[in-house]
Each structure stands twice: as C-alpha cells, then as structure tokens.
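Structural features, examined
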Amino acid sequence: MSYLLERAWVDGAVQDDVLVEIEDGRFTSVTPGGAPRHLSEEISANQSRVPRSSGEFARLPGLTIPGLANCHSHAFHRALRGRTQRERGSFWTWRDQMYDVAGRLDPDTYLELATVTYREMVAAGITCVGEFHYLHHQPDGSPYDDPNEMGLVLIEAARRAGLRITLLDTCYLSSGFGKPPEGPQVRFSDGDVDAWVERVTAIGSPDHTRIGGAYHSVRAVPLDQMKRYTAAPLHIHLSEQVAENEQCLAAYGMTPTQVFAEAGHLTEHNTLVHATHLTEDDIRIIGEARTFACFCPTTERDLGDGIGPSRALHAAGTPLTLGSDSHAVIDLFEEMRALELDERLATQERGHWTAPELLGAATRHDSLHWDDAGAIAVGRRADLVTIATDRVRTAGTGADEHTAVFAAAAEDVIQVVADGRAVFQEGDRERLGRDLADVIGRIWS
Ligand SMILES: [Zn+2]
C-alpha cells in the first residue's frame, strides 16, 4: 500500500507531497516531494478531505503526523466523564465514584466499555495505549476461572479497536500505608508481589501486545514488596496528591520518589506517572536516572492534582510522555499544549516548550516498549494520523507543527493508519458516538 501525504511531519519538519510505501505494516520508503507533478497540482486543487485512490496510492490531504502514544489509561474511567462534576468534592470523593463504576463491571461489560473507549482513542489519532490495569478479580476478590480474564479482555478490546496495547498489569496490595485493601479494592489485590508476578507471567502476548508491570502507588505497594520485582517496564502513580506525599514521609521518612529509588526502580526503562509534587532533589535523581515521566494534564486539572514541573524534569534529563489517564478528555493534542500552557500559568511566562518537543512527547512509544514506532521513517511501524487543515479550528493556522500542537483537537483527525492498516476514517465518528452512548448508558442503568 502507498499513500501520498499532502503535508507530513518527517525528519523533524513538515514536508510537502510525501510518498510513503508500506509493506507488512512498516514503511519501506518515505520520499518527500515524491508526487508526480500533475498529481501534486491536483492535490493542491482538491478541496475534498476524503482520501481518494489515484492509481496505486491513496492521497491524504491535510497534515499527517506519526501515531500518538497514550502512555497512561484506565479504560473504565471513560464511563465517569461528565458524571463526576455535580458536587464540589475532592480527589477522594471522585475516587468513590470511580469505585462505583469498577463495581459494576464484569468481563462482558468491560470488553464492551474498553472497546468503545479504545475506538475513541483511535479516532483521536492514538495508535498505542499503555493500559494501567488493576481491575483483576471478581467483586469479592476471588479470581475468575482464568485469573487474567480481565486483562485478556483489554487485549481483545485493543485488537477490535485497531491499536497496539502495552498491558501494564498493576500490583495493588494495600489501601494505605500498612492498611489492607477494603471494599472495591479487594478486586485489585493479589495478596503479595510474588503471587502478582506468577499471575502476570501467565499472560500471553499476541502481535499487537506487550506485557509490562505497574505498582499502583507508594500507598498500595509496601517498600519491602516493591523490591521483589525487577523486570521492566514498570510504571507507577508517583506523587499525585500532597496528602499521599505527607503519609509517605510519615511512614518511611522518604518522598515517594526516594521510596521508588530505594526499591531499585528508578531506571531508564520505567515510567513515573503524575510526577506532580516533587522536591528539587527528587527532580535531580529522576533526571539523572533518565526515568520517563508521564504527564496527564487534563486529568491532573480535572482532579485538582496540581501542576508538575515538566520543564524542570526535562532539563534534568527526563524524557516526557503523555497520557489521557481518567479520560475526562481523550485528546492528546490538548495534552500536548497543556504542558506549555500550564507552565505559563505557573510562571507567568511564555515559551517553555516548543511545538516539535511537544509533538515528540506525544509520539514517543518507547516507554511502552515499542521502540520501532513514532516516526514516519523507513523501517518504522506504519502509523499515520491525518489532521484536516481546512476545519474552522485549524484553517489559517499554517498547516505545520503549530497547527498540530496549538490548534488541532481530536475531532480534526480524519484518517488513522496503524501498523499499515486503515483503522479510522472520519465517517466512522457518528457510529462511534452512538456506540459510546449505548455501552455507557447500559453500565449506569
Ligand atoms: Zn492513573
């Protein structure tokens, strides 16, 4: 299959008329200015946003970028969107509502919910998701017949939606420092790290899948247990709430960052989600270790978490990634610009992040252990995300990287190719809306 991209982000710049050829899901050639002259003229004259085949390649009008990586997701939180805003509440009252949804799900309903959620991701240009998965067991805490049934449901949902998944199976052992799981949390727990590892080791990984681990948080996995696992990738909710930092200091005399480091996990293979409330020393040791930091600004603003020191972490040596986490919004364009806009609010200065840096954060798949995706380049996985540049929101913005980062929204995505397969076209959006309403409506009824 071949595509002729009107404009595309290739080698760190937007280039015109990029001809890409794809075999077995990978780019075999990428040629800027690769269109025969008569076709280039036809493309610039063509106002249609719908790709049309011409000879042996399809033309994609608009701006095409690499596939986006959503590095932090809890698929079932999608059912909470718009339903947690009625009372003032706190992070902890929001958590009670989230547990309400968790309590309603079984493997059948979770498959439906995760499938529509992942389809929404694909429609937003996301070609790979890191699913931070802790809803493992039955409501009374006993395992399903296959103890990995809920994880397998997520892998199947990703296959149906057409994106890759890194299943970050999440260890959750305690409700708080020294407190056993209670209520809905018994579904999350395996008892200890060894039992968790034994269960996770049994999960198979089909072609579109990687298996990784996660610790829910420093409050959910005791330090002595944390040390018992040494594989990667390992993700953790690091430091989302000030209250949890204070409890961590009281329990260990260390910050959450210091606890994770003490457990031996501050490495370049692992990811810190919500690196929000950090000391200067935390930032220094995270940067020196080159540990990934995954920022989820739309969730962090929704939950009132605070603004993490993204630029300081980057300056210290940390690669940044992005995630939509609670799915209050599924829109990595919004997450990209939020990194910059949040820094502006915090410092009353502009110009912390450049558009190429932010596009780089949204398109890096390596923290999910897919090292061969995230660029339109020969040998890479053939992911293409095309943004309409003639929409009300994007028209007149230059059709370059600033359009992608500072103007576009998920709804401007008109075509998505993942691993060489066309997995979304703009005409699919209407049906997706109906399916989301149907599935989520039934969960709450
Ligand atoms: Zn999370």
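Because the structure is predicted, anything quoted here is derived from the model rather than measured. (Residues numbered from 1 in each chain as written. Predicted model: local features only at pLDDT ≥ 70, side-chain atom pairs only at ≥ 80, totals over all residues. Heavy atoms only, no water.)

**Focus on the pattern of salt bridges**
Within this structure, the stated rule accounts for 31 salt bridges. Notably, a salt bridge pairs R164 with D383, separated by 2.7 Å at the nearest N-O pair. Of the two residues, R164 is situated in strand β8 (residues 164-171) and D383 in the loop between α13 (355-363) and β14 (384-387); the sequence distance between them amounts to 219 residues. Assessed through its relative accessible area of 1%, R164 is described here as buried. Connected through shared salt-bridge partners, R26, R164, D372, R381, D383 and D419 make up one network. (Salt bridge = Lys/Arg side-chain N within 4 Å of Asp/Glu carboxyl O. Helix = DSSP H or I, 4+ residues; strand = E, 2+ residues; numbered from the N terminus. Buried < 20%, exposed > 50% of the residue type's maximum accessible area, 1.4 Å probe, protein only.)

**A look at the coordination of the zinc ion**
Those protein atoms acting as donors to the zinc ion are H72 (NE2), H74 (NE2), H237 (NE2) and D325 (OD), and they sit at 2.1 to 2.6 Å. Coordination at the zinc ion is irregular: its four donor atoms span angles of 85 to 173° at the metal. Ordering the donors of the zinc ion by residue number gives the pattern H-x1-H-x162-H-x87-D. Each member of the pair, H72 as well as H74, is classed as buried. (Donors = N, O, S within 2.8 Å, 3.2 Å for Na, K, Ca; no water. Tetrahedral: all angles 85-135°; square planar, octahedral: opposite > 155°, others 65-115°.)

**Here's the deal with the sheet that holds strand β7 (residues 126-133)**
Strands sit in the order β6-β7-β8-β9-β10-β11-β12-β13 across an open sheet of eight strands; the sheet is parallel. A strand with exactly one partner marks an edge of an open sheet, and here the two such strands are β6 (68-73) and β13 (320-322). For this sheet, the mean inter-axis angle between neighbouring strands, taken without regard to orientation, is 25°. Direction of pairing for β7 relative to β8: parallel, over a ladder of six bridges. Among the inter-strand pairings, H133 is bridged to a residue of β8, identified as D169. In this fold helix α3 (residues 107-123) packs onto β6, β7 and β8, with an angle of close to 140° to the strand it touches most, β7. (Pairing = 2+ DSSP bridges. Axes fitted to C-alpha atoms, helices over the stretch in contact; angles between N-to-C directions. Contact = heavy atoms within 4.5 Å.)

**Some details on the environment of G308**
One can find G308 in the loop between α10 (297-302) and α11 (310-316). Residue contacts for G308: discarding those within four places in its chain leaves A275, T276, F295 and E343.

**Looking at the packing of aromatic side chains**
Applying the stated rule across the entire model yields 11 aromatic pairs. Their ring planes at 80° and their centres at 6.1 Å tell us that F76 and Y110 sit as a pair that is edge-to-face. Linking F76 in the loop between β6 and α2 (91-104) with Y110 in helix α3, this pair joins segments that are 34 residues apart in sequence. You can call F76 buried: its relative accessible area is 2%. Here Y110 falls in the buried class, since its relative accessible area comes to 1%. Within the aromatic cluster, the residues linked to one another by ring pairs are F76, Y99, Y110, Y134, Y172 and F188. Here the guanidinium or amino end of R164 rests over the ring plane of W370, the centre of that ring lying 5.4 Å away. Its guanidinium or amino end placed over the ring of W353, R311 lies 4.6 Å from that ring's centre, counting from NZ or CZ. (Phe/Tyr/Trp six-rings, centres within 6.5 Å; stacked < 30°, edge-to-face > 60°. Lys NZ or Arg CZ within 6 Å of the ring centre and 35° of its normal.)

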